Amino acid sequence: MTEQRYLADDTVRRFEATVERSLEDRVSLDGTHFYPTGGGQPHDTGTLRVADDPDRRFRVVDVEKSDAVYHTLEPAAGTAEDDDRSAVPLPESGATVIGEIDWDRRRAHARYHTAQHLLSALLLEEYDARTTGNQLYADRAHLDAAYDRFDADDLARIETRLNELVEDDRRVTSYAMDRVEAEATLDTDRTRIDLLPDSISELRIVEIGGIREVDDTSDAADPYDRTACAGTHVGSTGEIGEIVVTGRETKGSEEERIRFALADHVE
């Protein structure tokens, strides 16, 4: 079983690992920082090379998690004579490899995923609208919510509040928690634990910090959001940047889709 190292530290860009299994066009590693498709977040891409043979270098073009995390590889351009890239053999079991993540893509996904958490928390708090699904891309995202219909004033309000939360620069943290304890002590409307497969017994909880009131003498303010999530995130909401709500559409009976993008991805 692949150690999912991105769960403990999603800031790592380059790492070393050992090949556990080599298939026709895929390898599994003993541990990886490549994020596999899941939770509405697309997989990472990047490169993988054999540590003691720089000519055996591959593009990571897909990452999927099943019994292990599998990395689909294509030989990188220029790694074989006459550009016959099919002639480059995949890393064999036991080989030490160096992985490097395409950071621009990962960073975009992390910004959008954290923005989605803000939007989910905002819709639940101010509209009593529970998130029913979401999908992120490197230049846009959308979220589905249980709500009758958002009008133009709602969308303007949502955009304003999202950017206020960004400007607050709230800290984003994560930690592991036993599922039974989480179900007994946390608000499942916010954590959305019920959406996870029963086979997951230990959860990764992602928190977006609260703002302490001036007269609050407690050690920490209650978090603005607390969600079970395996995705990648930025370190604080200020790193998201300006968010633009780009539209809405009805997705069915009492379900709405809100589309949004980061300002640097809006023409």
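Sequence positions are assigned chain by chain, starting from 1 and proceeding in written order. The predicted origin of the model limits local features to residues at a pLDDT of at least 70 and limits the giving and counting of side-chain atom pairs to 80 or more, whereas totals for whole chains, interfaces and linings rest on all residues. Calculation of side-chain values draws on the structure's entire complement of heavy atoms; hydrogens and water are dropped beforehand.

Undergrad: It is not clear to me how the sheet that holds strand β13 (residues 225–228) should be interpreted in this structure. Could you clarify?
TA: Strand pairing in a sheet is mediated by backbone hydrogen bonds. Such pairs are either parallel or antiparallel. In short, DSSP must find at least two bridges between two strands for them to pair. To qualify as a helix, a DSSP run of H or I must reach at least 4 residues; to qualify as a strand, a run of E must reach at least 2; elements of each kind are numbered from the N terminus. In spatial order, the strands read β11-β12-β13; together these three strands make up an open sheet with antiparallel pairing. Here the strands that pair on one side only, and so sit at the sheet edges, are β11 (172–178) and β13. The average angle at which neighbouring strand axes cross in this sheet is 25 degrees, direction not considered. As paired strands, strand β12 (residues 202–208) and β13 are joined by four bridges and run antiparallel to one another. Paired with Ile-205 across the strands is Ala-228, a residue of β13. Contacts were defined at the residue level, with two residues in contact if any of their heavy atoms lie within 4.5 Å. Here, axes are lines fitted to C-alpha atoms. For helices the fit covers the stretch in contact, and angles between N-to-C directions go from 0 to 180 degrees. Each of β11, β12 and β13 is contacted by helix α1 (residues 103–127), which is oriented at about 80 degrees to β12, the strand it contacts most.

Undergrad: When you look at the confidence of the model for the protein in this model, what are you seeing that I'm missing?
TA: Detailed conclusions should not be drawn from predicted coordinates in areas where pLDDT is low. Averaged over all residues, the pLDDT of the protein is 91; the fraction at 70 or higher stands at 93%. Between residues 212–219, whose pLDDT stays under 50, and residues either more than four places distant or in other chains, the model counts four contacts. Per-residue confidence from the prediction method is given by pLDDT, with values spanning 0 to 100.

Undergrad: How do you make sense of the pattern of salt bridges when you look at a structure like this?
TA: Between side chains of opposite charge, a pair can form as their charged atoms come close. Salt bridge, as used here: a side-chain nitrogen of Lys or Arg that lies within 4 Å of a carboxyl oxygen of Asp or Glu. Tallied over the full model, the rule gives 21 salt bridges. Two residues, Glu-126 and Arg-161, come together in a salt bridge whose shortest N-O distance is 2.9 Å. Of this pair, Glu-126 sits in helix α1 while Arg-161 sits in helix α2 (residues 152–167); the two residues are 35 residues apart in sequence, bridging distant segments of the chain. Since its relative accessible area comes to 13%, Arg-161 is described here as buried. Remark: exposure states derive from per-residue accessible area (1.4 Å probe, protein chains only) relative to the maximum for the residue type, with buried under 20%, exposed over 50%, and partly exposed in between.

Undergrad: Would you mind showing me how to read the sheet that holds strand β14 (residues 243–252) here?
TA: Read across the open sheet, the four strands follow the order β9-β10-β15-β14; overall the sheet is antiparallel. Both outer strands of the open sheet, β9 (131–136) and β14, are each paired with one neighbouring strand and no more. Taken over all neighbouring pairs, the strand axes of this sheet differ in orientation by 20 degrees on average, direction set aside. In this sheet, strand β15 (residues 255–262) lies alongside β14 in antiparallel orientation, the contact comprising eight bridges. The residue bridging Ile-243 from the neighbouring strand is Leu-262, located in β15. The strands touched by α1 within the sheet are β9, β10 (141–145), β14 and β15, with β15 carrying the most contacts at an inclination of about 140 degrees. Together, β14 and β15 form the strand contacts of α2, whose direction differs from that of β14 by roughly 135 degrees.

Undergrad: For this particular structure, what's the right way to read the environment of Val-244?
TA: Within the secondary structure layout, Val-244 lies in strand β14. Leaving out residues up to four positions away in the same chain, Val-244 has contacts with Glu-159, Arg-259, Phe-260, Ala-261, Ala-263 and Val-266.

Undergrad: Which parts of the structure should I look at to understand the pairing of β10?
TA: Regular strands have side chains that alternate between both faces of the sheet. For β10, the buried fraction is high: five of the five residues fall into the buried class. Burial along β10 is two-sided: Ala-141, Leu-143 and Ala-145 facing one way and His-142 and Asp-144 facing the other are all buried. Where β9 and β10 come together, five bridges link them in antiparallel fashion. From the neighbouring strand, Leu-136 faces β10, where its bridge partner is Ala-141.

Undergrad: I tried to follow the packing of aromatic side chains on my own but got confused; where do I start?
TA: Between two aromatic rings, the relevant description is the distance of the centres plus the angle of the planes. In this scheme Phe, Tyr and Trp rings, the latter by its six-membered ring, pair at centre separations within 6.5 Å, and the angle between planes marks the pair as stacked below 30 degrees, edge-to-face above 60, and tilted otherwise. With the rule as written, the count across this model stands at six aromatic pairs. When the ring of Tyr-6 is compared with that of Tyr-35, the centres are 5.4 Å apart and the planes differ by 75 degrees; the resulting orientation is edge-to-face. With Tyr-6 in the loop between β1 (3–4) and β2 (14–22) and Tyr-35 in the loop between β4 (31–32) and β5 (46–50), the pair connects residues that are 29 residues apart, well separated along the chain. Seen from their ring centres, Tyr-112 and Phe-260 are 6.3 Å apart, and the 45 degrees between their planes marks the pair as tilted. Of this pair, Tyr-112 sits in helix α1 while Phe-260 sits in strand β15, and the two are 148 residues apart along the sequence. Looking at Phe-260, the relative accessible area reads 1%, which means it is buried.

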